[in-house]
Amino acid sequence: MTPAVFLVILCLGVVSGASEFDLSLDVEWEEWKIKYGKSYTPEEDVLKREVWEENVKRIKLHNMENSLGKNTYTMEVNDFADLTDEEFKNMITGFTFPINDTVKSPWKGALHSNFPYSWNWKDALPKSVNWLKEGYVTRVNDQGKCKSCWAFPVTGAIEAQVFKKTGKLIPLSAQNLVDCSKPQGNRGCRGGTTYNAFQYVLQNGGLEAETTYPYKAKEGVCRYNPNNSLATITTFVPLSEDEDVLMDAVATKGPVAAGINVVYSSLRFYKKGIYHEPRCKRFVNHAVLVIGYGFDGNEEDGKNYWLIKNSWGKQWGLGGYMKLAKDKNNHCGIATFAQYPII
């Protein structure tokens, strides 16, 4: 096939595809592009419209089923609606599970030191915890197109411990971690782990504040200045893959860095309610901060959830937060890779 013939076929395909769009969504499409500042070439507009329309119809079907009581959360058409599942995964998921023995060894079977072993230990814990309401949590961040999700739960967990000790809530620098924790095994905007980031803070002896080392959503040369360090840790504690252990840590220690599985489009379009995806495996590819837990309705209803701070901006979910199903067999791997710092 000659290039000219190929071009004609390609153009005919574009025109054909455009004619198949749902015309009832024309106004919604234009309003969505304005709302999120989207601008495409004519060719991109056709391709993106196709993806967007498929996602919109998927979301509307889900919400219709929600109104019939078939699921526990609603979805919305957000900034990610013009991305395919694969495009979203390649852009946003940057949490890589450690694979070398030196990292795995202390992880396996670890428990944090205050874990009580009595049969009724859960009775001593609060029925619900929300560290955001207690003033331990800084504003929601937006990681942008940098796969730096692993950095924000680390800063968030340390921020909470600093507040607990000093009464001062100071946003710490995720960019400091992005630029400087490569010797510990992280890869900047290409991914990393919370474990390696905690190792950096521990070995480096400090972490700068957001004000002196602001986030850029891209990699840069490490420019950490010890004179600007505002937080240190003495160690950090890995947890075993157990929701009860995670619950105890969140209740008695504070916000905990963790990982979840975000490969499903249902999560990237999450709006409100308790997220439960029956297909969700325990493999983790995105880092989040667990800032509490609770229940909707009556405690006996079994509608328990983890309260999670994400790094996809305030326009996602519940103002940047979400409720993830709790006590559902480690749903989406929430307890698979969790740690908290000690300062």
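Residues numbered from 1 in each chain as written. Predicted model: local features only at pLDDT ≥ 70, side-chain atom pairs only at ≥ 80, totals over all residues. Heavy atoms only, no water.

1. Topic: the state of the cysteines
Here is step 1: For the structure on display, the rule yields three disulfides.
Here is step 2: Disulfide pairing is shown between C146 and C189; the S-S distance is 2.0 Å. Measuring handedness by torsion sign, the sulfur bridge of C146 and C189 sits at about -95° and is left-handed. Here C146 is found in the loop between β2 (129-130) and α6 (151-166), whereas its partner C189 is found in the loop between α7 (174-180) and α8 (194-204), with 43 residues between them in sequence.
Here is step 3: Assessed through its relative accessible area of 1%, C146 is described here as buried.
Here is step 4: Each disulfide pairs two cysteine sulfurs, and for C180 the partner residue is C222, the sulfurs being separated by 2.1 Å. The sign of the S-S torsion, about 100°, decides the handedness of the disulfide formed by C180 and C222: right-handed. Taken together, the residues span a long stretch of sequence, with C180 in helix α7 and C222 in the loop between β3 (207-208) and β4 (229-231) at a distance of 42 residues.
Here is step 5: Residue classification places C222 among the partly exposed residues on the basis of a relative accessible area of 39%.
Here is step 6: With its bonded cysteines labelled in order along the sequence, the protein chain shows the pairing 1-3, 2-4, 5-6.
Here is step 7: Summary of cysteine pairing: C149 is not part of a disulfide, and the nearest cysteine sulfur, belonging to C146, is at 9.1 Å. (Disulfide = S-S within 2.5 Å. Helix = DSSP H or I, 4+ residues; strand = E, 2+ residues; numbered from the N terminus. Buried < 20%, exposed > 50% of the residue type's maximum accessible area, 1.4 Å probe, protein only.)

2. As for the packing of α6 against α8
Here is step 1: Packing of α6 against α8 leaves a shortest axis separation of 9 Å and a crossing angle of 50°. Accordingly, the angle class assigned to the pair α6 and α8 is oblique. Handedness of the α6/α8 crossing: right-handed. Contacts between α6 and α8 involve P153, V154, A157 and I158 from the first element and T194, A197, F198 and V201 from the second.
Here is step 2: Broken down by class, the residue content of the contact of α6 with α8 amounts to seven nonpolar, one polar and no charged. (Axes fitted to C-alpha atoms, helices over the stretch in contact; angles between N-to-C directions. Parallel < 35°, antiparallel > 145°, perpendicular 65-115°, else oblique. Left-handed = near helix turned anticlockwise from the far one by under 90°. Contact = heavy atoms within 4.5 Å. Nonpolar A, V, L, I, M, F, W, Y, C, P; charged D, E, K, R; others polar.)

3. Here we look at the packing of aromatic side chains
Here is step 1: Applying the stated rule across the entire model yields 19 aromatic pairs.
Here is step 2: Members of the aromatic cluster, connected to one another through ring pairs, are Y73, F80, F88, Y270, Y275, W312 and W316.
Here is step 3: The residue whose ring lies beneath K323 is Y305, and the NZ or CZ to ring-centre distance is 4.6 Å.
Here is step 4: Note that K326 overlies the ring of W306, its terminal NZ or CZ placed 5.2 Å from the centroid. (Phe/Tyr/Trp six-rings, centres within 6.5 Å; stacked < 30°, edge-to-face > 60°. Lys NZ or Arg CZ within 6 Å of the ring centre and 35° of its normal.)

4. Points about the packing of helix α2 (residues 26-35) against helix α3 (residues 42-67)
Here is step 1: The interhelical angle for the contact between α2 and α3, taken along N-to-C directions, is 105°, at an axis separation of 11 Å. Our classification of the angle between α2 and α3 gives roughly perpendicular. Across from D26, E28, W29, W32 and K33 in α2, the residues of α3 making contact are D45, K48, R49, W52, V56 and K60.
Here is step 2: Here the residues of the contact of α2 with α3 are counted per class, giving four nonpolar, no polar and seven charged.

5. Examining the side chain of E159
Here is step 1: By secondary structure assignment, the location of E159 is in helix α6.
Here is step 2: No salt bridge forms around the buried E159; measuring N to O, its nearest opposite-charge neighbour K309 is 4.8 Å away.
Here is step 3: The contacts of E159, once residues within four sequence positions are left out, are T138, L169, I170, P171 and L172. (Lys, Arg positive; Asp, Glu negative; His and termini not counted. Salt bridge = Lys/Arg side-chain N within 4 Å of Asp/Glu carboxyl O.)

6. Here's the deal with the pattern of salt bridges
Close approach of charged atoms allows side chains of opposite charge to pair.
Here is step 1: Across all of its chains, the model carries 19 salt bridges by this definition.
Here is step 2: Measuring nitrogen to oxygen at the nearest pair gives 2.5 Å for the salt bridge that ties E219 to K182. Taken as a pair, E219 in the loop between β3 and β4 and K182 in the loop between α7 and α8 lie far apart in primary sequence, 37 residues in all.
Here is step 3: Judged by relative accessible area, which is 31%, E219 ranks as partly exposed.
Here is step 4: Within this structure, D22, D26, R49, E53 and K57 form a network of salt bridges that share partners.

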